[in-house]
There are 2 protein chains.
Amino acid sequence: MHTADDRPAPVHSTDPRTGEPRGPVATEAGAARVDAAVRAAAAAAPALADRARRTALLRAAADHLEAAAGEIVTAADAETALGTARLTGELARTTYQLRAFADQVDEGSFLDIVIDHADPALGRPDLRRTKLPLGVVAVFAASNFPLAFSVSGGDTASALAAGCPVVVKAHPDHPETGATTARLIRAAAESVGLPADVLGLVHGFDAGPALVRHPLTAAVGFTGSVRGGRALYDLAAARPRPIPFHGELGSLNPVVVTERAAATRAEEIGAGLAGSFTLGNGQFCVKPGLVLVPAADPGVEKAVVAAAAQAPAAPMLDPRMRAAFLEGVRERAARPGVEVLLAAGAAPADGAPLAVRPGVLAVAADRLADLLLEECFGPVTVLVRYRDATELETVLARLDGTLTATVQLAADERGPDAAALLQRLLPLAGRLVVDGWPTGVAVAPAMQHGGPYPATTSTSTSVGATAIERWLRPVSYQNTPEELLPPELHDANPLGLPRRVDGRREP
Amino acid sequence: MHTADDRPAPVHSTDPRTGEPRGPVATEAGAARVDAAVRAAAAAAPALADRARRTALLRAAADHLEAAAGEIVTAADAETALGTARLTGELARTTYQLRAFADQVDEGSFLDIVIDHADPALGRPDLRRTKLPLGVVAVFAASNFPLAFSVSGGDTASALAAGCPVVVKAHPDHPETGATTARLIRAAAESVGLPADVLGLVHGFDAGPALVRHPLTAAVGFTGSVRGGRALYDLAAARPRPIPFHGELGSLNPVVVTERAAATRAEEIGAGLAGSFTLGNGQFCVKPGLVLVPAADPGVEKAVVAAAAQAPAAPMLDPRMRAAFLEGVRERAARPGVEVLLAAGAAPADGAPLAVRPGVLAVAADRLADLLLEECFGPVTVLVRYRDATELETVLARLDGTLTATVQLAADERGPDAAALLQRLLPLAGRLVVDGWPTGVAVAPAMQHGGPYPATTSTSTSVGATAIERWLRPVSYQNTPEELLPPELHDANPLGLPRRVDGRREP
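Residues numbered from 1 in each chain as written. Chains lettered and ligands numbered in written order. Predicted model: local features only at pLDDT ≥ 70, side-chain atom pairs only at ≥ 80, totals over all residues. Heavy atoms only, no water.

1. Considering helix H11 (residues 319-333) of chain B
Residues and elements named next belong to chain B. Applicable threshold: Secondary structure elements are defined from DSSP: runs of H or I of at least 4 residues count as helices, runs of E of at least 2 residues count as strands, and each element is numbered from the N terminus. What a helix is expected to span follows from its residue count: subtract one and scale by 1.5 Å. Throughout this description, buried means an accessible area under 20% of the type-specific maximum (1.4 Å probe, protein chains only), exposed means over 50%, and partly exposed covers the range between. Directions from the helix axis toward the C-beta atoms define the arc. Contacts between residues were defined by any pair of non-hydrogen atoms, one from each residue, lying within 4.5 Å.
An ideal rise of 1.5 Å per residue puts 21 Å on 15 residues; H11 measures up with 21 Å between its terminal C-alpha atoms. Listed as buried for H11 are Met321, Arg322, Phe325, Gly328, Val329 and Arg332. Around the axis of H11, the buried residues are gathered within 130° of arc, so they sit on the same side. Those residues of H11 that are buried are in contact with strand E13 (345-346), strand E14 (356-357), strand E15 (359-364) and strand E16 (380-386).

2. Concerning the interface of chain A and chain B
As a reminder of what qualifies: What gets called buried area is simply the loss in accessible area from a 1.4 Å probe that two parts show on being joined, summed for both. Pairs of N or O atoms within 3.5 Å make up the polar contacts considered here, provided that, within protein, one atom can donate a hydrogen while the other can accept it, and that residues adjacent in sequence are counted only when both atoms are side-chain atoms.
With 69 residues of chain A at the contact, the number on the chain B side is 69 residues. Between chain A and chain B, roughly 5500 Å² of surface is buried when both sides are summed, and carbon and sulfur atoms account for 55% of that area. Connecting chain A to chain B are 38 residue pairs in polar contact (both at pLDDT 80 or more). If you list the elements that add at least two residues to the side of chain A that touches chain B, you get helix H4 (84-107), strand E3 (113-116), strand E4 (127-133), helix H8 (226-238), helix H13 (416-425), strand E18 (429-434) and strand E19 (472-478) of chain A. With seven residues, E19 of chain A is the single largest residue contributor to the side of chain A that touches chain B.

3. Things to note about helix H8 (residues 226-238) of chain B
Taking 1.5 Å as the rise per residue, H8 of chain B with 13 residues should run 18 Å; its terminal C-alpha atoms sit 18 Å apart, in good agreement. Within the span of H8 of chain B, buried status applies to Gly229, Arg230, Leu232, Tyr233, Leu235, Ala236 and Ala237 of chain B. Elements in contact with the buried residues of H8 of chain B: H8 of chain A together with strand E5 (136-140), helix H7 (207-213), strand E8 (217-223) and strand E9 (245-248) of chain B.

4. Let's talk about the pattern of salt bridges
Spelled out, the test is: Think of a salt bridge as a Lys or Arg side-chain nitrogen and an Asp or Glu carboxyl oxygen that are within 4 Å of each other.
Going through the model one piece at a time under the given rule, you end up with 66 salt bridges over all chains. Here Asp400 of chain A ties to Arg241 of chain B by a salt bridge, and the two come within 2.7 Å at their closest N and O atoms. Linking Asp400 of chain A in the loop between helix H12 (389-396) and strand E17 (402-408) with Arg241 of chain B in the loop between H8 and E9, this pair reaches from one chain into another. Exposure remark for Asp400 of chain A: the relative accessible area of 39% places this residue in the partly exposed category. Residue Arg241 of chain B is classed as partly exposed on the basis of its relative accessible area, which comes to 43%. Among the ionic pairs, Glu339 of chain B bridges to Arg385 of chain B, the shortest N-O distance being 2.9 Å. Residue Glu339 of chain B is located in strand E12 (residues 339-342), and its partner Arg385 of chain B is located in strand E16; the two are separated by 46 residues in the primary sequence. Classification of Glu339 of chain B as partly exposed rests on a relative accessible area of 38%.

5. Observations concerning the packing of helix H9 (residues 259-278) of chain B against helix H10 (residues 299-309) of chain B
All names here are of chain B. As a reminder, the rule being used: All axes here are fitted lines through C-alpha atoms, helices being fitted over the stretch that makes contact, and every angle between N-to-C directions spans 0 to 180 degrees. Should the near helix be turned anticlockwise from the far one by less than a right angle, the crossing is left-handed, and should it be turned clockwise, the crossing is right-handed. Under the convention adopted here, Pro, Cys and the residues Ala, Val, Leu, Ile, Met, Phe, Trp and Tyr are nonpolar, Asp, Glu, Lys and Arg are charged, and Gly plus all remaining residues are polar.
At a minimum axis distance of 7 Å, the contact between H9 and H10 shows a crossing angle of 35°. The two elements H9 and H10 meet at a crossing, and its hand is right-handed. Taking contact as the criterion, the partners of Ala262, Ala266, Glu267, Ile269, Gly270, Ala271, Leu273, Ala274 and Phe277 in H9 are, on H10, Gly299, Val300, Ala303, Val304, Ala307 and Ala308. For the contact of H9 with H10, a count of residues per class yields twelve nonpolar, two polar and one charged.

6. Brief notes about the sheet that holds strand E7 (residues 199-202) of chain A
Residues and elements named next belong to chain A. Threshold: Should DSSP find at least two bridges between two strands, the strands are regarded as paired.
Across the sheet, which stays open at both edges, the five strands sit in the order E7-E6-E5-E8-E9 with parallel pairing between neighbours. Pairing within the sheet leaves two strands with one partner each, and these edge strands are E7 and strand E9 (245-248). In this sheet, adjacent strand axes meet at a mean angle of 15° when their direction is disregarded. By the bridge criterion, five bridges tie strand E5 (residues 136-140) to strand E8 (residues 217-223) in an arrangement that is parallel. Along E8, the bridge assignment pairs Ala138 with Val220.

7. Re the packing of aromatic side chains
All names here are of chain A. Just so we agree on the cut-off: Within 6.5 Å between ring centres, the rings of Phe, Tyr and Trp (the latter by its six-membered ring) count as paired, and their orientation is classed by plane angle as stacked under 30 degrees, edge-to-face over 60, tilted in between. Remark: a charge is flagged as sitting over a ring if the NZ atom of Lys or the CZ atom of Arg is within 6 Å of the ring centre and within 35 degrees of the ring normal.
In total, this model carries ten aromatic pairs over all chains according to the counting rule given. Taking 5.7 Å as the distance between ring centres and 55° as the angle between the ring planes, the aromatic pair formed by Phe140 and Phe222 counts as tilted. Separated by 82 residues along the polypeptide, Phe140 in strand E5 and Phe222 in strand E8 bring together distant segments of the chain. What makes Phe140 buried here is its relative accessible area of 6%. Grouping aromatic residues by their ring pairs yields a cluster made of Phe140, Phe222, Tyr233 and Phe245. For Arg86, the ring lying beneath its charged end belongs to Phe145, and the centroid distance is 4.5 Å.

8. A short note on the packing of helix H3 (residues 69-80) of chain A against helix H6 (residues 175-191) of chain A
Residue and element names in this part refer to chain A. Defined as follows: An angle counts as roughly parallel when it lies under 35 degrees, as roughly antiparallel when it exceeds 145, as roughly perpendicular when it falls between 65 and 115, and as oblique in every other case.
Look at H3 against H6: their axes get within 8 Å of each other, and the N-to-C directions meet at 160°. As the angle between them shows, H3 and H6 are arranged roughly antiparallel. As H3 runs across H6, the sense of the crossing is left-handed. Of the residues in H6, those in contact with Glu71, Ile72, Ala75, Ala76 and Glu79 of H3 are Pro175, Glu176, Thr177, Thr180, Thr181, Arg183 and Leu184. Its residues placed into classes, the contact of H3 with H6 shows five nonpolar, three polar and four charged.

9. A short note on the sheet that holds E9 of chain B
Residue and element names in this part refer to chain B. If you trace the five strands from one edge of the open sheet to the other, you get E7-E6-E5-E8-E9, paired in parallel fashion. Each having just a single partner strand, strand E7 (199-202) and E9 make up the two edges of the open sheet. Between one strand axis and the next, the sheet turns through 15° on average, direction left out of account. In this sheet, strand E6 (residues 166-169) lies alongside E5 in parallel orientation, the contact comprising four bridges. Residue pairing across strands places Val137 opposite Val166, the latter belonging to E6.

10. Focus: the relation of the copies chain A and chain B
We apply this condition: A least-squares superposition brings the copies together, and it is based on the C-alpha atoms of residues with pLDDT no lower than 70 in both.
For the match of chain A to chain B, the screw axis carries a shift of 0.0 Å, the RMSD comes to 0.0 Å, and the turn is 180°. Here the transformation between the copies is reduced to the relation of a two-fold axis. Taking the C-alpha atom as reference, chain A places Ala237 of chain A closest to the rotation axis, 3.2 Å from it.

11. Let's talk about unusual backbone geometry
Peptide bonds are mostly trans, and most non-glycine residues show a negative phi. The residue after Tyr453 of chain A, namely Pro454 of chain A, is reached through a cis peptide bond having omega 5°. The topology assignment puts Pro454 of chain A in the loop between E18 and E19. Residues Glu506 of chain A and Pro507 of chain A are joined by a peptide bond in cis, for which omega reads 0°. Here Pro507 of chain A shows up in the segment after strand E21 (504-506). Unusually for a residue other than glycine, Asn493 of chain A sits at a positive phi of about 50°. With respect to the helices, strands and loops of the structure, Asn493 of chain A is situated in the loop between E19 and strand E20 (499-501). Judged by relative accessible area, which is 11%, Asn493 of chain A ranks as buried. In this structure, Asn281 of chain B takes a positive phi of about 60° despite not being glycine.

Given below as structure tokens:
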């Protein structure tokens, strides 16, 4: 039989420092290969039902990744140019995350177990609720975090923790890193007696829609652009049986600097902002892209320009993104009223002819074009000069949903005005930051990495403990003899899980 | 200005016993009226931020409904013919539900509060997570529960509990009941110092899509048909900013009777099944619509037919549903191999010329037409005769997602075969029932009323404590001075809420 998969196209990546193609590391998957990957993952699902096996897998995956740190970081740096220091840190975040989800599975709160014994007075039967894994989860790797938001990232870790096998659509910017980390996680699975197919990997543009449409795909985790994410979201919603689509699409991450903050903390704010918007060469989903500064006080503007001018030129993740960044900055700079405080542009560096340098734009609040309210991926930020509270509100009212919103206050601004400002930002964002910066998304139980659309397509988070909730659904057992109940629902609580029994928490 | 709302069409209901129209009780809402209702609800949202006010509202609503019980039950019976006994019970369920959500808001677990203090060793800032109401919730009233799943029902109660104002699309089968209960809840709001517009009501077919499309509508709760629900789901997904759509669409609620159960409990199972599929005249979302019985043992068949033949004839909810039921039964009976064990049909009763009597169909597993796998709303059930485990599995493999799945076992069936049967049904359903019946959906924390598509369009429940989760989204505060945090996130826990602080539960 001849299929499109018989002569699959090779997958190359590109050296982002030079634009040169790198040797093929994989081949593109057509519909038949995607089908095979999803079926293999679905067949591996029963093996993941055992929680102890899942925690062993997550910890073994962390161990395997650490043992191959040199190989991984070398491949990721060659494919992304993010640098070995950053990538070593990202690997540490990745293994920390895998182990944190293992701890969470051990602890068991995520099952949300509720037991209500029969109550004849209320006419209520015995009811016991736990949570089940949804099935195969399709994960779309992100361009900008080849480890922590890709094959080995939080979507994969939380899905495996929930008991869901995963098929990852590799990102074309780092196929070798994807293949390497997939191989290591598959080996980790086998090392703990699980089938390697608890994690599958597919490459190629067409594999994405095929994965979302596959009847056995039960949910999707996506990190990427508004355009690509919305197209896949629409596919998920249009399926004969729609599935949950947890997508992180785009985010402007506005910052508000109050007049008194500018008057008292201009140097600190400017330096912090420059560090934040140039971190990872501005290729973070939480990059502060729009900064409201008091028009009357140029302090912050001067400080941010001075600090950003010192930032080293660096390559973007790929030449296409580089071109989009340079064009995006050019278009924004050409809008009426826009002042270029620091010119972004091509800045060939040693060994990196495609490097770019960061830029800062400024515009008056009453001349703010719609284009400036759209995310521009890369090291640029837009300062919006507001003259008074009315202008500030007018700008805030134009903002879309966003992952984060930040306020910079003076040390003594802790009263009703500051509270009102936070309250005003609350409907826009999933995370509010005070006197800090949104870059740096801590892997912590209290983290919320998700916000109103288009920041995310659901109310969930993709970072932190509650990310596991995305891949589970509740099920209740009614009037079921103990011999037929799973052990977590037995009266004696043999697994020692946290539960709510007849309205009271145990243990 | 002339708009479609200038000469709105009157809304009539129909006496389901006679088919006679009843006097107009309201007028249809066009786009302008829907817009006004949603805007008014959105303007009322800030007043719902106070939790104590919300619990007062829910309890006052229960009190107001109880005080007007006579008026409500009379209107509902005239519009639905469900009978005063059933409707009195449904009102008790409704007020119980309102008070249960109030208790839950007082208790506070639903906020899922997590506090992680800064940990410099992990490079982690201070993070504090709570949950926020999403905004205006659109609720679509159900035909078959004019109180407990309509204006005063669980979607409304859980949304108000979450802090979301509600605009209900009234069901055309009971507009007077809807208007009456809306008026009472609005009065209850005013009695506790809240704006009446925390609850709005709109009538008319066109109001539905307008409500789902409205930019200020933040989420939807729906109970109804697959066709209507899917159309609205598609609208919600196609919005410029998609919103969560929690819809309960259709459910077959399969029952498996084992050979030994049939051999030992035929009379009990037959009587129980007859009671369950004729309850509420078969107009329950959890009506058992497909019953797998052993082909070799006619005991259950005889018992269910004998019992169902005694059930009184009763009117359907409206003449259109009656026609659809009669046609649905006719079409199914005409499929090859289908045997009519008890003929459903028109059966004029005293004062109810439109009453129908229940029916029972039977068919061999290997002749089961696709049509018989579709829900048929009304008092009919299909017995499917299986000869062996292979035939049983073949039928189960053809089933769609469903709210419930039920097994009837013999008293001594508690071993691996019974466990395997439950395990086999688990992927299909949101609730597993053993030796009981799916009708009767207890309002309890452990209840799950929701299942794989098309049973529901999301992984949530519309009954029980966790129904509140549908209307909330998490938000994290990072590095925020205590003076600017809401009290539930203060270190001292002044509100005494359950929280998880640095990994430990308090209080």
